[in-house]
Amino acid sequence: MRRTFPLSSLLLCLLLPAPVLHAECNVPRELSIAWTQGAADLEWHAHYKESRWRVEIAADCAFSELLCTAEVESAHYTYFHDDLGVRSAFFRVYGIEATAAGDVIPIEDFECDYSMTSWGEEDQEPRAWDFDSDEVYHGERSLRLFGNTVKSQPFCSDSLGLNTVYRVAARCSDTADRQMIGFADSSNVLWYVLWGTLGGYPDSPGQGLQETVTTYQGWFPRNEWAEILLPVGKDWAGKYGYYPVLSTILWANECDTNDGEVRFDQLCDVTGQQSSCPLVEPAADDLEVVVDSVRVRLWNTTPSDSVTHVWTTSLGQCITGDDVQLMVPVSPAQRVILCAYAENGASSVSQAIDLPGTSGEANDDYYLGFGGDVMTARWYETSGFISNFGVDSIYAGVRPFFESMDLMMVNLECPYTNASVHHPTKSIYFKANPANLVGVRNAGIDYVTLANNHAFDYLLPGMLETMSGLDTLGVIHNGCGRNEAEALRPVVLGTKGRLFGLVAMSDRTGNYNNYQPYLDAGASRPGFALWSRANMLASIPDLREKVDVLIVQVHSGNEYSSAPTLRQMAEFEDEDFPFDPNLRGLLPTRELLPGDSERRIRQEAIDMGADLVITHHPHILQGVECYNGGLIAHSLGNLIMDLSYAETQVTAVLEVNSRQPAGNAFAEPYRITPVFIRNNLPVILQGGQAQGVMRHIARMSWEGFDTSVLLGYDYAASEAANWCWALPAGIYCETLVVNPATVNLEFVQEEESWISAPVFFPEGNAEDLDLSNLPDSIEVRFGRDLEWWGNMEDEGFVTWDMNSENEEFTDAQAYHGERSLYHHIGAGYVATYFVNRWPVDGTAQYTLAGWIKTDTASAASVEMRWYNHRTDGSPFATQATDDLTGTNDWTYCWKNLDSQPGATFYQLRLMTESASSSAEAWYDDVQLIEWDEWQTPATDVVYMPVGGDWHVVQFRYGQQLINATVQMSSAYFTTEESD
């Protein structure tokens, strides 16, 4: 007979004829007494912080006369009453010794009999559990869950801290939907999924507002006991923003879809057993001066075994060793910082110290360059390009930019490995020849982040070989590792007297596609550093105080989306190639407005201390955001990639520099240079094509993030530059104002109104529009030209598919610039299409336009074809400018188009027909203008928002206007002084 009572009461045991039980103790636990002939067998549920207990037996409830005391190291004691010669006794049990720091603290080992309770409505089969003695990890019993059951037991922890780590032993026989261990306080619950057939789509970046941690799901083999580390303190704080006092332990075997069986054993607190970060106390001493250099000795005053010491100076010298010497210039003054990396993954970064023997100010400007995704596998190797032209040829178009930077940084999007075993469930995996990794170094790239969804394509061997290859080449990297601690390691780079700290993370775990094992690292498994609030808290604030500039590289966001999005579309997959390319990134709920989730967690990184948050993964260029003194590049898109989608080929590189323009009270501007991936190779865009992409960036940055992007002017070349600046809204720099232009308006009748042809502002940023010569009630609408490539110039962009002898570019005729697109045919027709279809909003208002010159043509026009599919199918609708017939000098042909709800892609076509033996046509400055809504200005002068992309205007009035004119002005912006 066994009776159980809570030990918060007094235990009274009357040995004959039957026991009546009460107890007293200092912590909540259950005590049970089993009565046998001549003995009382006591067991209690041990408090997890205690390893020794004192058992007291007394003849009275006041314990004034002790009959017996005992000290035991297990939660069990047998009292033989005949030894004492009494018929009744009172019992009291309490812990007398806490486990020493560094020891394992038992929480639960299932050696005592007690009941598990059901966890709410989740427990579908309450009896589908038992204590099993056949399969145990430690001791005599384990907990076995064999049906659809979720059990709970009471638990009283101290308040968790950032470094609190538990460890559990678990063994899966058959995989159920989810097999988990969980922890709860009075408000929230945190689940760790250890095995499971079902994946899930994260409901927000940063893994917040989501109860499950899926890091280990699919990683550990079945039918083997696994010791699994659970960083509950860090994970709880990251998800819920506080450190809890836990009240409940949960054990789950969810079997709604798939049946399974799992065992748990020996849950412990192992916080004290976790290896602490290496101690770093750097010291320096000068040994001798040699001409204009000084020999310096550097050493760690608290060295540790199995620790790698990396010393980085603020002028960029880097040397490894715990006691080293190096030669440094005596001027300017320098600092050095020590990064210590332990074999188990733990790391520490010291405070920077001054180098003795150096003096003077380090005031040189620094230039940091950032690019997006770099991937030189697939086409680059299988097409023979590398074997025919060499790996360095891939980078030729952007190498001058790379080499002009003091530090150049990109995301390395594939493993370089000879490993042959790929990830077992990922649908897309690739690798590059390790010999081709040298191209990264030769291109002038100093740092790569490996925190991305392809670093683990060839599992741990592929990841380690890539890391080793980069180490051999001297290319700095971080973001993945053999465990989470190693993946989260920061690195420090130095140049021009400053120290730059970098951390790298990703949230593309593969959970959304159920790619098991998932890709993020855990305390007990390799992978990339997870982009989570928990890991941000564990890495950013500490590094902030030790470096001059803190950079966070993050691989995050929905692919093929033009803005940060809410993560709520579970029915959509998300990988390098979508299962439905027509819908990827084009639904308004996914892409049109930035969500609070992805955008907010990037802002939080700035709030924690980051100066720059550099994002990649969407494969599409997104806007930039000046926020709280820092910059967020929401996606730099691709840099080197063989994707064929049109919108993935337009991208940019970012420059951050230390220049402070004289007389301007703002932090340094962020310079953006547009790039086009032409035939899979990146080239810097020039001229009008560059300006088109810059205006596109300006629109996304202004509308999404209240950030101004201003077109630049190069004083030295006396022309518009191919780069722009990002500045906080309302901040301006010196301007070179283009003289105001006076434009004559020509109106045509459209239904009951008269509408002007589109009117373009002078080149530059539109500044103001003077309407004083127009009627007060005139309507106006502002727009932007989407055709970055319509000027037909050779500026880096190629989108026209000229595949016959009847079509070509020519410099013999041009309306504007140096060349036009030329058709020459006999009887029949010739049509020049875009190479690709481009995304479009079918609900918006557009004007199709272009300059056309003809010679004896039957018809010449610019045609707009609407599609609801990226590659297949007939046009959803077709509209065109009115035909230009016969022989005509350059003529501006334009047509306002009807909206086409349901259309998601468009393709332009230049069409020339001839009924005679010969006809010619030339096309230039082809435009597709997207409009905002009509409005009636309230003032005579309309001032344009600085930093937006509006540069076209159209007017509407109720009657014909004769000799109407409008004045408008634009400006280029610069921080350079004119001569």
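Throughout, a residue's number is its position along its own chain's written sequence, starting from 1. Whole-chain, interface and lining totals are the exception, using all residues; otherwise, since this is a predicted model, local features are given only for residues with pLDDT of at least 70 and side-chain atom pairs are given and counted only at 80 or more. Just so you know, side-chain values use all the structure's heavy atoms and leave hydrogens and water out.

(A) Examining the overall build of the protein more closely. Note on conventions: DSSP H or I runs of at least 4 residues are helices, E runs of at least 2 residues are strands, and numbering of each starts at the N terminus. For the protein, the helix and strand inventory stands at 11 helices and 67 strands. Taking all 979 residues of the protein together, the buried fraction comes to 59%. Within the protein, contacts between residues separated by at least 24 positions form 73% of all contacts whose residues are at least 6 apart in sequence. Working definition of accessibility: Shrake-Rupley area with a 1.4 Å probe, residue cover restricted to the visible protein chains. Taken as a whole, the protein presents about 37,100 Å² of accessible surface, with 47% of it coming from carbon and sulfur. Think of it in three bands: with a 1.4 Å probe and only protein chains considered, a residue is buried below 20% of the maximum accessible area for its type, exposed above 50%, and partly exposed in between. Whether two residues are in contact is decided by their heavy atoms: any pair within 4.5 Å suffices.

(B) Molecular detail of the packing of helix α1 (residues 232-240) against helix α8 (residues 533-544). For the pair α1 and α8, the least separation of the axes is 7 Å and the interaxial angle reads 110°. Considering the angle they form, α1 stands roughly perpendicular to α8. Seen from above, α1 lies across α8 with right-handed handedness. Of α8, the residues touching α1 (which contributes K234, D235, A237 and G238) are R533, A534, N535, L537 and A538. Grouping the constituent residues of the contact of α1 with α8 by class yields 4 nonpolar, 2 polar and 3 charged. An axis is simply a line fitted to the C-alpha atoms; with a helix, the fit covers only the stretch in contact. Between two such axes, the angle follows the N-to-C directions and lies from 0 to 180 degrees. Throughout, the term roughly parallel applies to angles under 35 degrees, roughly antiparallel to angles over 145, roughly perpendicular to angles from 65 to 115, and oblique to all others. Should the near helix be turned anticlockwise from the far one by less than a right angle, the crossing is termed left-handed; should it be turned clockwise, right-handed. In this classification, Asp, Glu, Lys and Arg are treated as charged, Ala, Val, Leu, Ile, Met, Phe, Trp, Tyr, Cys and Pro as nonpolar, and every other residue, Gly included, as polar.

(C) Layout of the confidence of the model for the protein. Known as pLDDT, the predictor's per-residue confidence is scaled from 0 to 100. Here the protein averages 87 in pLDDT, while 88% of its residues score no lower than 70. Contacts from residues 202-209, a stretch scored under 50 in pLDDT, to residues over four places away or in other chains number 27 contacts. Contacts from residues 660-667, a stretch scored under 50 in pLDDT, to residues over four places away or in other chains number 13 contacts.

(D) The arrangement of the pairing of strand β66 (residues 952-957) in detail. Among the 6 residues that make up β66, 5 are buried, leaving the element largely enclosed by the rest of the structure. Pairing of strand β50 (residues 753-756) with β66 involves 2 bridges; the strand directions are antiparallel. Bridged to I755 within β66 is R956. Strand pairing requires that DSSP identify at least two bridges connecting the strands.

(E) Structural view of the pattern of salt bridges. Salt bridges are identified by distance alone: a Lys or Arg side-chain nitrogen within 4 Å of an Asp or Glu carboxyl oxygen. Inspection of the entire model under this criterion finds 37 salt bridges. Its salt-bridge partner being E484, residue K234 comes within 3.3 Å of it at the nearest N-O pair. Here K234 is found in helix α1, whereas its partner E484 is found in helix α7 (residues 484-487), with 250 residues between them in sequence. A relative accessible area of 10% means that E484 is categorised as buried. The salt bridge partner of R784 is E703, with a shortest N-O separation of 3.6 Å. One end of the pair, R784, is in strand β53 (residues 779-785); the other, E703, is in helix α11 (residues 687-705), with 81 residues separating them in the sequence. On the basis of relative accessible area, R784 is assigned to the buried category, the value being 2%.

(F) Quick look at unusual backbone geometry. Residue P332 is reached from S331 by a cis peptide bond, and omega for that bond is 5°. Its location among the elements puts P332 in the loop between β25 (323-329) and β26 (335-342). Even without glycine at this site, N223 takes up a positive phi of about 60°. The topology assignment puts N223 in the loop between β17 (212-213) and β18 (226-230). What makes N223 partly exposed here is its relative accessible area of 42%. Despite not being glycine, H617 shows a phi value in the positive range, around 120°. Note that H617 resides in the loop between β38 (612-616) and β39 (624-627). By relative accessible area, which is 0% here, H617 ends up buried.

(G) Expanded view of α11. The span expected for a helix works out to 1.5 Å for each residue beyond the first. The terminal C-alpha atoms of α11 lie 26 Å apart, and with 19 residues this matches the ideal 27 Å at 1.5 Å per residue to within 8%. Directly beyond the C-terminal end of α11, a positive phi value near 55° is found at D706.

(H) Examining the nonpolar core more closely. In terms of nonpolar packing, the biggest core is built from 149 residues, with F370, I551 and L654 touching the most fellow members. The dominant element in this core, judged by the number of residues it contributes, is strand β35 (residues 498-506), at 6 residues. Apart from residues no more than four positions distant in its own chain, F370 is found in contact with M408, M409, I551, Q553, L612, I614, L636, V653, L654 and V656. One finds A170, C172, V232 and W236 within the second-largest nonpolar core, a separate group that totals 55 residues. For this analysis, a nonpolar core means a set of buried residues of the types Ala, Val, Leu, Ile, Met, Phe, Trp, Tyr and Cys, connected via side-chain atoms within 4.5 Å.

(I) Region of interest: the sheet that holds strand β10 (residues 117-118). Taken in spatial order, the 6 strands line up as β10-β13-β19-β15-β16-β17 in an open sheet, and their pairing is mixed. Because the sheet does not close on itself, it has two edges, and the strands there are β10 and β17. Sheet analysis places strand β16 (residues 189-195) next to β17, joined by 2 bridges and oriented parallel. In the strand pairing of β17, W191 is matched with T212. Its contacts with the sheet place α1 against β15 (178-184), β16 and β17, and it is angled at close to 120° to β16.

(J) Spatial organisation of the sheet that holds β35. Across the sheet, 6 strands lie side by side as β34-β35-β37-β38-β40-β39; this open sheet has mixed pairing. Two strands close off the open sheet at either side, each with one partner strand: β34 (491-495) and β39. Geometrically, the sheet is characterised by an average inter-axis angle of 20° between neighbouring strands, direction not taken into account. Along the sheet face, α8 touches β35 and β37 (549-555) and points at about 175° away from the line of β35.

(K) Representation of a negative patch on the surface within the structure. On the surface, a cluster of negative charge is contributed by E750, E751, E752 and D898. The topology assignment puts E750 in strand β49 (residues 747-750). A relative accessible area of 33% places E750 in the partly exposed class. For patch detection, residues must exceed 30% relative accessible area and be free of salt bridges, and they are connected within 9 Å for like charges or within 5 Å for nonpolar side chains (Val, Leu, Ile, Met, Phe, Trp, Tyr). When charges are tallied, Lys and Arg are placed among the positive residues and Asp and Glu among the negative ones, while His and the ends of the chain are skipped. Each charge is placed at NZ for Lys, CZ for Arg, CG for Asp and CD for Glu.

(L) Up close: the packing of α8 against helix α10 (residues 598-608). Relative to each other, α8 and α10 sit at 25°, their axes nearing to 10 Å. On the basis of their axis angle, the class for α8 and α10 is roughly parallel. Relative to α10, the crossing made by α8 is right-handed. Within the contact between the two elements, α8 uses R533, M536, L537, I540 and P541 and α10 uses I601, E604, A605 and M608. Across the contact of α8 with α10, the residue classes tally to 7 nonpolar, no polar and 2 charged.

(M) Highlighting the pairing of strand β30 (residues 407-412). Across the 6 residues that make up β30, a large majority, 6, are buried. Going residue by residue along β30, you find L407, M409 and N411 tucked away on one face and M408, V410 and L412 tucked away on the opposite face as well. Sheet analysis places strand β29 (residues 367-374) next to β30, joined by 5 bridges and oriented parallel. Of the residues in β30, the one forming a bridge with D373 is N411.

(N) Broad picture of the environment of D841. By the secondary structure assignment, D841 is in the loop between β58 (838-839) and β59 (845-857). The exposure class assigned to D841 is partly exposed, which follows from its relative accessible area of 33%. For the pair D841 and Q900, spaced 59 residues apart in sequence, the C-alpha to C-alpha distance is 8.4 Å. Apart from the residues lying within four places of it in its own chain, the contact partners of D841 are Y846, A903 and E930. Counting of polar contacts relies on pairs of N or O atoms within 3.5 Å, with two restrictions inside protein: one atom must be capable of donating a hydrogen and the other of accepting it, and residues adjacent in sequence are counted only when both atoms are side-chain atoms. Separated by 2.7 Å, the side chains of D841 and T843 make a polar contact.

(O) Fine view of the packing of aromatic side chains. Working definition: rings of Phe, Tyr and Trp (its six-membered ring) pair if their centres are within 6.5 Å, and the pair is stacked with planes under 30 degrees apart, edge-to-face with planes over 60 apart, and tilted otherwise. Under the criterion given, the structure shown has 35 aromatic pairs. Look at W379 and Y380: their rings are 5.1 Å apart centre to centre, the planes differ by 80°, and that puts the pair in the edge-to-face class. The class for Y380 is buried, based on a relative accessible area of 0%. Ring pairs connect the aromatic residues F676, W788, W789, F797, W800, F834, W838 and Y906, which therefore count as one cluster. Remark: a charge is flagged as sitting over a ring if the NZ atom of Lys or the CZ atom of Arg is within 6 Å of the ring centre and within 35 degrees of the ring normal. Over the aromatic face of F131 sits the side chain of R141, whose NZ or CZ is 4.5 Å from the ring centroid. Directly above the aromatic system of W922 lies the positively charged group of K853, at a separation of 5.6 Å from the ring centroid.

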